[in-house]
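Residues per chain, in single letters:
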Amino acid sequence: MLAAPSMMLAGCLGGGSNDDEAPVTPPVAGAPALARGAFVATVADHFDWVHSSSYNDQYKAVQPKYSDVVLDQTPYSRQIETALEESVIGNAGTAFAPDADATREWAAGVYAKAFGITTTQADALSIFSDAAQIGEEYRASVNALVGAGYMQGTSATAFSPKAQITVAEAEAVLKAITGRLTSPPQVMCKSGTTAPRRFIRISTPTAGAAIYYTVTTDGSEPADPLSSGRLYDFYAQGVLQYASNGTVRLKAVAVRDDLEPSVVREFFWKTGVPDTAEYQATVYHEASGAKPKVWKIFNKAENLGPFVYYIEGSTRGLVFDCGQISPDKANLKSFVDSIATKPYDMIVGHNHSDHSSQIYNFTSAGIPFYCSGIEKAAFMADSNANRRAAGTAAIAVPDGHTFDLGSSKVSIFIIPGHTNGTVTAVVHEAGWVFGSDMWGCNRPTTADTTQYSSVKVDLFLSLTLQLLADYRKRIVDGQIVEVTNAHQEVPVGMACVDNFVQCFQQLIDEGDAASKPSIRGGIANRMSIVGDMWRDKNWMAIGPIGSGYGKPVDYLSKPTVDYPNGIGIDYNVDNGYRKYATLSNVEFEQATLVGVNVYWAAPANGTPNVLPNKFDPWTFDYRLKVPAGQRSVAIRPRAMSNKASGLKVNGAAVAQSSRTVVPVSAGSRIVVEVTSPDGSATNRYSFTVEVA
């Protein structure tokens, strides 16, 4: 019979929202016994094992499967497949029979493997008259559990190995084991994979337990962590990071003073990249109607794994980003020539070497190279002669520039943050967005290293919201369909973009209480995170933000003379986040806002760090162009803080980001009033109507 477990224990790796994660089937009231699938779920839920479908990692192992278990259709399919991956159950590729009875002897085998229970007295089964009925493959496990006192017979003289284990029995066994024994450590990413880099978190489901580990990177045997291990503290140090060529072997043990130590577990990973490799590509999107064809290009010798995209319309193509391998070791231009069927241009998202190393192979061959003026200046100041030459040849394009590919158009927009002149691209006909260290950089091997510290968090939030609005204005149907980052295996949608925005928004709404020690570096740096990196494909973390965790806040705006701004408040002071009486953005329909110059940093490389014609949260007087004959416009104001105590349009209270229609005429004004969360300040924005 199929019965659901009533036992649920807290897991070891934390939770997180994930639309892809199937909910655990609820317990069946009064169910006395467990089927195999339901029983395995009780063990998997204790360890909180993560299913491979839940995280983005192109190097993860292929998920082992059973022929009769269909992911998210068979009850407990995720727990069954993770238990198989953890080698707690076996015989991959065959039938598992999830609805068959979970016999007591079979359950003992699962417990023994899951907890590493092997030590026992010579013969604990002699008291049972039916001991001979225990299958040979289960005898050692049953003997170990009975000998340790974790599992009892069904009576003083019978073990009943073929009987179905009941919910009560399973609860009693798991309670007995976890009441005496520290649960074994787990790792993410999972053991046995090969990748350029591995970021590793060790955990245990036993609350309050300490983890000790030993590690080698040359493939040699690590020492015993019980006697010579180092303490692992994720809060203080973040993930363990390994990137050099070799085999990482790690031993770990979990210890709690009032419990017996766990079994020592060993894990391994192979890391590193070849010195050279040829470029490869996969077709990301086939051409369809007005939508262009897109190739994703990669090179296995690139340890940071930056993807390059080639977008080709009916008459012309566009190379987006330019790879990490030096131009003397590979030639991206020659590879693009092998797949391109049209003449093409090239644009680089930003000047970091993992996105721009192949520029010279293009510019020296006469391929037009585009970037923002800010990035052009950075290239021209580079210490590398080839990059300086490419910078000299670069064509600076303004914010909003459009490339005509024939059937398709691609617009680029400048967004400071990761660098001062980073650009992203949007395909009008498809709603596809391509970022260069922007948006969904959410593979486990980047953790929270996608930093945006060249601009303060509050201004970056404003510019990001304006960027999203710019995308929607260029997209044919106004919908952002897909967002792709250069360090991201799979495209994501608006859920990831929303999480990205929320990373910044929560710092403004909640102050430093929303920051956490970084995944990569622990308390040495702050981060802001939304979602669980192992359970939510749309998770997002940004960092480092400001100085080390626990140090004074320095990532919000404050008055400065280094560059023009109208900021009169230092939002970094205690409770400064509660004093935002500003908008982060305002959108109009049937009207065009005439923006101002927005500065975020002092000039660099002889070039101002400024974007023209933008909304500035600290500029309060604007002009609004309205077509002749237009009698009303719609406005959507968004307060910088979601906790603003007041938001009004022409004196009437409105909800955050809500659409309000107001009458207009030549010379009339729309006034938006924002009051800070603590009620200490109010600012009024005036938008004076000009008839075009």
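The structure we're discussing is the one just above.
Summarised in this report is the structure supplied together with it. Everything numeric here is computed off the predicted structure, so don't read it as measured data.

### Section: the overall build of the protein
Line of reasoning, step 1. Check the secondary structure of the protein and you find 14 helices and 34 strands.
Line of reasoning, step 2. Taking 26 Å as the expected radius of gyration for a compact globule of 692 residues, we find that the protein reaches 29 Å, a close match to that expectation.
Line of reasoning, step 3. Along the three orthogonal principal directions, the C-alpha set of the protein runs to about 95 × 60 × 50 Å.
Line of reasoning, step 4. Looking at the protein alone, contacts between residues at least 24 apart form 68% of all its contacts between residues at least 6 apart.
Line of reasoning, step 5. Surface summary for the protein: the accessible area is close to 26,600 Å², and the carbon and sulfur share equals 51%.
Line of reasoning, step 6. Treating the 57 positive side-chain charges of the protein as one cloud and the 67 negative ones as another, the clouds have centres 5 Å apart.

### Let's talk about the state of the cysteines
In protein chemistry, a disulfide is the covalent bond that joins the sulfur atoms of two cysteines.
Line of reasoning, step 1. Applying the stated criterion across every chain, the model contains zero disulfides.
Line of reasoning, step 2. Here C503 stays unpaired: no disulfide links it, and the sulfur of C496, its closest cysteine neighbor, is 8.9 Å away.
Line of reasoning, step 3. Accessibility expressed as a relative area gives 0% for C503, which makes it buried.

### Here's the deal with the pattern of salt bridges
Line of reasoning, step 1. One pass over the full model with this rule turns up 29 salt bridges.
Line of reasoning, step 2. E266 is the salt-bridge partner of R249, the closest N and O atoms lying 2.6 Å from each other. Of this pair, R249 sits in strand 7 (residues 246-255) while E266 sits in strand 8 (residues 265-271), and the two are 17 residues apart along the sequence.
Line of reasoning, step 3. Overall, the relative accessible area of 37% leaves E266 in the partly exposed class.
Line of reasoning, step 4. Note that K293 and E286 form a salt bridge whose closest N and O atoms lie 3.8 Å from each other.
Line of reasoning, step 5. Connected through salt bridges with shared partners, the residues E221, R249, K251 and E266 form a single ionic network.

### So, the pairing of strand 33 (residues 669-675)
Line of reasoning, step 1. Taken across its seven residues, strand 33 has five buried, putting it largely inside the fold.
Line of reasoning, step 2. As paired strands, strand 30 (residues 646-649) and strand 33 are joined by four bridges and run antiparallel to one another. Considered in strand 33, the bridge of L647 is made with V674.
Line of reasoning, step 3. Hairpin connection from strand 33 to strand 34 (residues 682-691): six residues lie between these consecutive antiparallel strands, with G679 at a positive phi of about 75°.

### Some remarks on the sheet that holds strand 21 (residues 516-518)
Line of reasoning, step 1. Strand order in this open sheet of three strands is 21-22-23, and the pairing throughout is antiparallel. If you trace the sheet from one side to the other, it starts and ends with strand 21 and strand 23 (540-542), each paired once. Along the sheet, successive strands turn relative to each other by an average axial angle of 55°, direction set aside.
Line of reasoning, step 2. Relative to strand 23, strand 22 (residues 522-530) runs antiparallel, the two sharing three bridges. Residue S528 lies in a different strand from strand 23, and its bridge partner there is I542.
Line of reasoning, step 3. Sheet contacts for helix 14 (residues 494-510): strand 22 and strand 23; angle to strand 22, the most-contacted strand, approximately 125°.

### Concerning the environment of A653
Line of reasoning, step 1. Assignment of secondary structure puts A653 in strand 31 (residues 652-653).
Line of reasoning, step 2. For the pair A653 and A207, spaced 446 residues apart in the sequence, the C-alpha separation amounts to 48 Å.
Line of reasoning, step 3. Residue contacts for A653: discarding those within four places in its chain leaves L647 and K648.

### Describing the nonpolar core
Line of reasoning, step 1. Judged by nonpolar contacts, the single largest core of 68 residues is most densely connected at F434, W439, Y471, F500 and F504.
Line of reasoning, step 2. When residues of this core are assigned to their parent elements, the largest contribution, nine residues, is made by helix 13 (residues 457-474).
Line of reasoning, step 3. In terms of nonpolar packing, the next biggest core, distinct from the first, is built from 49 residues, Y76, Y111, Y150 and M151 among them.

### Structural notes on the sheet that holds strand 1 (residues 186-188)
Remark on secondary structure: sheet strands pair via backbone hydrogen bonds, oriented parallel or antiparallel.
Line of reasoning, step 1. The three strands lie next to each other as 1-3-6, forming an open sheet whose pairing is antiparallel. The two strands at the open ends of the sheet, each matched to only one other strand, are strand 1 and strand 6 (240-242). Within the sheet, the average angular offset between the axes of one strand and its neighbour, ignoring direction, is 30°.
Line of reasoning, step 2. Bridging between strand 1 and strand 3 (residues 198-203) involves three bridges; their strand directions are antiparallel.

### Concerning the packing of helix 1 (residues 36-47) against helix 3 (residues 104-115)
Line of reasoning, step 1. Contact geometry of helix 1 with helix 3 gives a least axis separation of 11 Å together with a crossing angle of 20°. By the angle between their axes, helix 1 is roughly parallel relative to helix 3. In the packing of helix 1 onto helix 3, the handedness of the crossing is right-handed. Where helix 1 abuts helix 3, its residues R36, F39, V40, V43, H46 and F47 lie against W106, A107, V110, Y111, A114 and F115.
Line of reasoning, step 2. Split into classes, the residues belonging to the contact of helix 1 with helix 3 amount to 10 nonpolar, one polar and one charged.

### A few points about helix 14
Line of reasoning, step 1. With 17 residues, helix 14 ought to run about 24 Å at 1.5 Å a step, and its terminal C-alpha atoms sit 23 Å apart, in line with that.
Line of reasoning, step 2. At F504, helix 14 shows its maximal bend, which comes to roughly 30°.
Line of reasoning, step 3. Burial analysis of helix 14 places 12 of its 17 residues in the buried class, the great majority of the element.
Line of reasoning, step 4. The inward-facing, buried residues of helix 14 abut helix 13, strand 20 (482-485), strand 22, strand 23 and strand 29 (632-639).
Line of reasoning, step 5. The first or second residue beyond helix 14 is G511, which carries a positive phi of 70°.

### Notes on the environment of F615
Line of reasoning, step 1. Following the sequence through the fold, F615 ends up in the loop between strand 27 (607-614) and strand 28 (621-626).
Line of reasoning, step 2. On the basis of relative accessibility, which here comes to 1%, the residue F615 falls in the buried class.
Line of reasoning, step 3. Along the primary structure F615 and N597 are separated by 18 residues, whereas in three dimensions their C-alpha atoms are 8.3 Å apart.

### Brief notes about helix 11 (residues 373-380)
Line of reasoning, step 1. For helix 11, a buried count of six out of eight residues is recorded, marking the element as mostly surrounded by other parts of the structure.
Line of reasoning, step 2. Within helix 11, the full set of buried residues consists of I374, E375, K376, A377, A378 and F379.

### Digging into the pairing of strand 30
Line of reasoning, step 1. When strand 30 meets strand 31, the two strands line up antiparallel, connected through two bridges. In the strand pairing of strand 31, K648 is matched with A653.
Line of reasoning, step 2. Taken together, strand 30 and the strand that follows it, strand 31, pair antiparallel across an intervening segment of two residues, in which N650 is found at a positive phi of about 50°.

### Here's the deal with the packing of aromatic side chains
Line of reasoning, step 1. Under the definition given, this model contains 37 aromatic pairs.
Line of reasoning, step 2. Following the ring pairs from residue to residue traces out a cluster consisting of F413, W439, Y452, F460, Y471, F500 and F504.
Line of reasoning, step 3. Just above the ring of F159 sits the side chain of R104; from NZ or CZ to the centre is 4.4 Å.
Line of reasoning, step 4. Its end group placed over the ring of F234, R201 keeps NZ or CZ at 3.8 Å from the ring centre.

### A word on the side chain of T216
Line of reasoning, step 1. By the secondary structure assignment, T216 is in strand 4 (residues 210-216).
Line of reasoning, step 2. Among the polar contacts listed, one links the side chain of T216 to the backbone oxygen of S220, at a separation of 2.6 Å.

About the cut-offs
Residues numbered from 1 in each chain as written. Predicted model: local features only at pLDDT ≥ 70, side-chain atom pairs only at ≥ 80, totals over all residues. Heavy atoms only, no water. Helix = DSSP H or I, 4+ residues; strand = E, 2+ residues; numbered from the N terminus. Rg over C-alpha atoms; globule rule 2.2 N^0.38 Å. Contact = heavy atoms within 4.5 Å. Areas by Shrake-Rupley, 256 points an atom, 1.4 Å probe, with all protein chains shown as cover. Lys, Arg positive; Asp, Glu negative; His and termini not counted. Charge placed at Lys NZ, Arg CZ, Asp CG, Glu CD. Disulfide = S-S within 2.5 Å. Buried < 20%, exposed > 50% of the residue type's maximum accessible area, 1.4 Å probe, protein only. Salt bridge = Lys/Arg side-chain N within 4 Å of Asp/Glu carboxyl O. Pairing = 2+ DSSP bridges. Axes fitted to C-alpha atoms, helices over the stretch in contact; angles between N-to-C directions. Core = buried A, V, L, I, M, F, W, Y, C linked by side-chain atoms within 4.5 Å. Parallel < 35°, antiparallel > 145°, perpendicular 65-115°, else oblique. Left-handed = near helix turned anticlockwise from the far one by under 90°. Nonpolar A, V, L, I, M, F, W, Y, C, P; charged D, E, K, R; others polar. Expected span 1.5 Å × (residues − 1). Bend = angle between axes of the 7 residues up to and from the residue. Phe/Tyr/Trp six-rings, centres within 6.5 Å; stacked < 30°, edge-to-face > 60°. Lys NZ or Arg CZ within 6 Å of the ring centre and 35° of its normal. Polar contact = N/O pair within 3.5 Å; in protein donor to acceptor, adjacent residues only side chain to side chain.

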